[in-house]
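# Overview (structure and organization)
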Amino acid sequence: MSSDRAGRRPFVAGNWKMHLVRREADALCRKLRDGAKALGSVLPEIAVFPSFPLLGTAVEALAASGIGVGGQDLRAEEWGAFTGDVSGRQLVDAGASWVLCGHSERRQLHGETDELVASKAVAAARVGLRPVVCVGESREQRRAGETFAVLDRQLAPLDALPGLLLAYEPVWAIGSGETATPEVAQVAHAHLRRRWGERFGSAALTLRILYGGSVTPENSTGLAAMPDVDGALVGGASLDPGRFLAIISSFAALARPSEELP
Ligand code: 13P
């Protein structure tokens, strides 16, 4: 599979997880908005993923900035008696354009299966949200040589939906400070793209695959240099505007001039 990334605009996303209150979210968004503008011309696509009560704050603070907002999860059903859950329609109504599906914390802490994650991606695409589907192996699975098998199993129920992105987030690298080396990330990304190509042909060439797991300004340039790493899904470092903007800069070099922010 060719790794020509010409058609794949780099994408840098901040997953805020269960952090911040509205005042802090507003301040962070304003710094991001101004900082991204100051970075100038050629930027990757950027989005932040706040928890649900902060969506409105982020949408408002980032209005007309070119920086998108997404939800961290959704329920596959559109309406109903599902206390505590949020639907894709509600996310769209709140101003979200993206949604994470199957983050490893959801898979681990909420028992989300590969099939459930796939059904969430379908539900997201149905209402026009772009699903960012997270996949990745645990430390034990990597040690046992099962990385590709795990990724294959997680990919199996997924379809090439409009706007779908993959995020390779090895569980052992999340929040651990132990990022995958660029080479380790590249091998996994190339595998994902190859498998996508076997099932969906040329759609694999435009599929964007983000890397997530302890991404920092110190390691983002090396990751960005890998031909199949199309961006980053950043946890902890996305809560610090200076560090998140530095990561954005690492991927800016890969973006083309026609992709300027408004
Ligand atoms: P950290 O960058 O904090 O390791 O989190 C990664 C992640 O889970 C992003 O979704």
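Predicted model only: the values in this text are computed from it and were never measured. (Residues numbered from 1 in each chain as written. Predicted model: local features only at pLDDT ≥ 70, side-chain atom pairs only at ≥ 80, totals over all residues. Heavy atoms only, no water.)

### Quick look at the overall build of the chain
Worth spelling out the cut-off: Going along the chain from the N terminus, every DSSP run of H or I of four or more residues is numbered as a helix, and every run of E of two or more is numbered as a strand. Two things to know: the radius of gyration comes from C-alpha atoms, and the globule rule equals 2.2 Å times the number of residues to the power 0.38. Accessible area is worked out with a 1.4 Å probe on protein chains only. A residue is then buried under 20% of its type maximum, exposed over 50%, and partly exposed in between. Contacts: residue pairs with any heavy atoms within 4.5 Å of one another. Accessibility throughout is a Shrake-Rupley quantity obtained with a 1.4 Å probe, and a residue counts as covered only by protein chains that appear here. Charge assignment in this entry is limited to Lys and Arg as positive and Asp and Glu as negative, and neither His nor the chain termini are counted. All charge positions are set by atom: Lys at NZ, Arg at CZ, Asp at CG, Glu at CD.
For the chain, the count of helices and strands is eleven helices and eight strands. Computed over the C-alpha atoms, the radius of gyration of the chain is 17 Å, within 12% of the 18 Å expected from 2.2 N^0.38 for a compact globule of 262 residues. Taken over the C-alpha atoms alone, the chain extends approximately 45 × 45 × 35 Å along its principal axes. Of all 262 residues assigned to the chain, the portion counted as buried reaches 52%. In the chain, of all internal contacts separated by at least 6 residues, the share reaching a separation of at least 24 is 74%. Element-wise, carbon and sulfur atoms account for 54% of the exposed surface of the chain, whose accessible area totals about 11,100 Å². Put simply, the chain has 28 plus and 30 minus side-chain charges, and the middle of one group is 2 Å from the middle of the other.

### Looking at the site of the ligand
Rules: In these notes, residues near a molecule or strand are those with any non-hydrogen atom within 4 Å of it. Contacts described as polar in this section are N or O atom pairs within 3.5 Å, which, within protein, must combine one atom able to donate a hydrogen with one able to accept it, while residues neighboring in sequence count only if both atoms come from side chains. Ten residue types, Ala, Val, Leu, Ile, Met, Phe, Trp, Tyr, Cys and Pro, are classed as nonpolar, four, Asp, Glu, Lys and Arg, as charged, and the remainder, Gly among them, as polar.
The environment of the ligand is formed by 13 residues, the closest being K17, H103, G175, S214 and G236. N15 has a polar side-chain atom sitting 3.0 Å from an oxygen atom of the ligand. In the model, an oxygen atom of the ligand is placed 2.8 Å from a nitrogen or oxygen of the K17 side chain. About the coverage of the ligand: the protein hides 94% of its 310 Å² of free accessible area. Within the shell around the ligand, the residues separate by chemical class into four nonpolar, seven polar and two charged.

### Topic: the layout of surface pockets
Definition in use: Buriedness for pockets is judged along seven lines, at least five of which must meet protein on both sides within 12 Å for an open set on the 1 Å grid over protein atoms alone, while cavities are sets there where a 1.4 Å probe fits but cannot get out, and lining residues have an atom within 4 Å of a point. Grid points are joined across faces, edges and corners, and a volume is the space filled by probe spheres set on the points.
One number sums up the size of the largest pocket: a volume of about 440 Å³. Lining the largest pocket are 19 residues, with M18, Q72, D73, R106 and H110 sitting closest to its centre. Per-element accounting of the lining of the largest pocket gives the leading share, three residues, to helix 4 (residues 104-109). A per-class count over the lining of the largest pocket returns seven nonpolar, six polar and six charged.

### Side note on the packing of aromatic side chains
So the rule is basically this: Side-chain rings of Phe, Tyr and Trp, where Trp is taken by its six-membered ring, are said to pair if the distance between their centres is within 6.5 Å; with planes under 30 degrees apart they count as stacked, over 60 as edge-to-face, and otherwise as tilted. Either the NZ atom of lysine or the CZ atom of arginine qualifies as a charge over a ring when it sits within 6 Å of the ring centre and within 35 degrees of the ring normal.
Under the counting rule described, the total for this entry stands at three aromatic pairs. For the pair Y168 and Y211, a centre-to-centre distance of 6.3 Å together with 55° between the ring planes defines the contact as tilted. Residue Y168 is found in strand 6 (residues 165-168), and its partner Y211 is found in strand 7 (residues 209-212); the two are separated by 43 residues along the sequence. Directly above the aromatic system of W98 lies the positively charged group of R130, at a separation of 3.8 Å from the ring centroid.

### Brief notes about the environment of R199
If you trace the backbone, R199 turns up in helix 8 (residues 182-200). Separated by 43 residues in the primary sequence, R199 and A156 have C-alpha atoms spaced 9.6 Å apart. Apart from the residues within four sequence positions on either side, R199 is in contact with L155, A156 and L158.

### Description of the side chain of R208
As for its placement among the helices and strands, R208 is situated in the loop between helix 9 (203-206) and strand 7. Residue class for R208 comes out buried when judged on its relative accessible area of 12%. A polar atom in the side chain of R208 sits 2.8 Å from the side chain of E45. Apart from residues no more than four positions distant in its own chain, R208 is found in contact with R8, R9, P10, F11, E45, W98, L165, L166 and D230.

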